Amino acid sequence: MLNYRELTTSLPNTLFVPSSSNQFVQSGAINRPYWRLKFMKRFVVYWVLGRLFGLVLEKRSITSTQRILWINFSAPSLGDSLMDLSARVLLGDREVDLFTSPKNSKLYQADPWFKNVFDRADQVGRGYDVVICDSYATRVLWKKCLVAPVTPLTSMYGFLNGFDLNRTYFAFARMLELLDKSQANCAIRPYLFPYLNIKTNADLCIAVGGEWSFRTYRHWDVVIDRLISCGVTIHLVGGANGRDEHETLTERYPQITSSVGNRLDEVASEIASTPIFMGADGGLWHMACAVNRPTVALFADCEIFDEDGKRVMRDTADLISETLYDAIEVSNIDPHLIVDAYLRLKERLTTDVGKCVTIEPASIN
């Protein structure tokens, strides 16, 4: 426990990762009982499995490994999964299987970088050279012991815990570190292959609803009203939490279409077939980034900072995005500013069309 602070806040040295680690340490949050107990639980389980039972043989590098199992259960939300798994594109010359949550597994079934995708322990085979664990969370280590108890492991996050960070930059930084590479040979962004052929025939996808109230925008009617007056055709997407807004908006604006409540794999194809996506920070915005759509993104309460201490969002430099921010909740963002951001993005795309074309898997080595 003497190196508790280092084990809890250390970041890869390969690439700068925007985070709130400095603020986390300086605020004293690192010393709160909650974080100490959480870290201690992980450390004790890790120590018991490794030192007492010999089930944690850790690899510091995976440069020579060919058959890999990636366990993705640490943060099972859609957005976190897409960001945490983004760096799999750097493993294109390896044989990689994924063991993940049933709610996300269908998204990766036709993935060009995962050979097999499992969502139950009894589906997982044997003979792996290494297991990549998201973190040393007890649920992840337990699943590793179930499916590959004696296989060496490596970790993306290790004990890293307690503060916000740009998970996409982190994923690439950590994978470059494991592969002993200095830079990525592809765009740093999430990746998702939309394998269904479902089109919206609209100019713009708008995601309604949201899991968190501070990330749920409540003034889409004003935005849509002005966009329609500009001749923009609109398609709504969203989960079950967007059904009420879907009903209100489609009744008020019968010319807009909607697939709110559709399966995630269907939504991925719908977003991929639409020129621009608009929505609050959440799973569907991350999905739009992963299928390489230009986006208008609304953020709130985002404590991520660059090397100079300037606040940054969850997008990366390799994405085309217009971002709007409020310190408390996205609904405080003026609807007219959102429409202005859409018009700016349209103007940008007329001079930067190449970046809007979805990168095909075959172009990633």
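Residues numbered from 1 in each chain as written. Predicted model: local features only at pLDDT ≥ 70, side-chain atom pairs only at ≥ 80, totals over all residues. Heavy atoms only, no water.

## Considerations on the layout of surface pockets
In this model, the largest pocket occupies a volume close to 1500 Å³. Lining the largest pocket are 50 residues, and of these Ser77, Asp80, Glu211, Trp212 and Arg215 sit closest to its centre. For the lining of the largest pocket, the elements supplying multiple residues, two or more each, are helix 3 (33-52), helix 4 (78-84), helix 10 (264-272), strand 9 (276-280) and helix 11 (283-290). Taken together, the residues of the lining of the largest pocket sort by class into 20 nonpolar, 17 polar and 13 charged. Size it by volume and the second largest pocket reaches roughly 500 Å³. Contributing to the lining of the second largest pocket are 20 residues, with Leu7, Ser10, Arg60, Gly158 and Arg174 lying nearest its centre. The leading source of residues in the lining of the second largest pocket is helix 7 (residues 167-179), at 3 residues. Its residues placed into classes, the lining of the second largest pocket shows 10 nonpolar, 4 polar and 6 charged. (1 Å grid on protein atoms, 1.4 Å probe; cavity = no way out; pocket = protein on both sides within 12 Å on 5 of 7 lines; lining within 4 Å. Points joined across faces, edges and corners; volume = space filled by probe spheres on them. Helix = DSSP H or I, 4+ residues; strand = E, 2+ residues; numbered from the N terminus. Nonpolar A, V, L, I, M, F, W, Y, C, P; charged D, E, K, R; others polar.)

## A closer look at the nonpolar core
Grouped together as the largest cluster of nonpolar side chains are 86 residues, with contacts concentrated most on Met175 and Met287. Ranked by residues supplied to this core, first place goes to helix 7 with 9 residues. Beyond its immediate stretch of four places on either side in the chain, Met287 contacts Leu78, Leu82, Leu107, Leu192, Leu264, Val267, Ala268 and Ile271. In terms of nonpolar packing, the next biggest core, distinct from the first, is built from 31 residues, Val208, Val223, Leu249 and Met278 among them. (Core = buried A, V, L, I, M, F, W, Y, C linked by side-chain atoms within 4.5 Å. Buried < 20%, exposed > 50% of the residue type's maximum accessible area, 1.4 Å probe, protein only. Contact = heavy atoms within 4.5 Å.)

## Quick notes on the pairing of strand 1 (residues 67-72)
Counting buried positions along strand 1 gives 5 out of 6 residues, so the element sits mostly inside the fold. Across 6 bridges, the pairing between strand 1 and strand 2 (residues 95-100) is parallel. Within strand 2, the position partnered with Leu69 by the bridge is Asp97. The parallel pair strand 1 and strand 2 is bridged by helix 4, and the resulting crossover is right-handed. Pairing of strand 1 with strand 4 (residues 130-133) involves 4 bridges; the strand directions are parallel. Across the sheet, the residue bridging to Leu69 is Val131, located in strand 4. (Pairing = 2+ DSSP bridges. Right-handed = clockwise from strand over helix to strand, strands pointing away.)

## Section: the pattern of salt bridges
With the rule as written, the count across this model stands at 21 salt bridges. Residues Arg88 and Asp111 are paired through a salt bridge, measuring 2.7 Å at the closest nitrogen-oxygen approach. Pair noted here: Arg88 is in the loop between helix 4 and strand 2 and Asp111 is in the loop between helix 5 (102-105) and strand 3 (116-118), with a separation of 23 residues, a long-range link. Comparing Arg88 with Asp111, the two get one shared label, buried. (Salt bridge = Lys/Arg side-chain N within 4 Å of Asp/Glu carboxyl O.)

## Concerning unusual backbone geometry
The phi dihedral of Asp180 is positive, around 55°, even though this residue is not glycine. Residue placement: Asp180 occurs in the loop between helix 7 and strand 6 (204-207). Under the relative-accessibility criterion, Asp180 is labelled exposed at 65%. At Asn201, a position not held by glycine, the phi torsion is positive, near 55°. By the element assignment, Asn201 lies in the loop between helix 7 and strand 6. A relative accessible area of 72% means that Asn201 is categorised as exposed.

## Regarding the side chain of Thr9
Mapped onto the secondary structure, Thr9 falls in helix 1 (residues 4-9). Taking relative accessible area as the criterion, Thr9 reaches 16% and is therefore assigned buried. Separated by 2.8 Å, the side chain of Thr9 and the backbone oxygen of Arg5 make a polar contact. Residue contacts for Thr9: discarding those within four places in its chain leaves Phe24, Val25, Ile30, Leu160 and Phe163. (Polar contact = N/O pair within 3.5 Å; in protein donor to acceptor, adjacent residues only side chain to side chain.)

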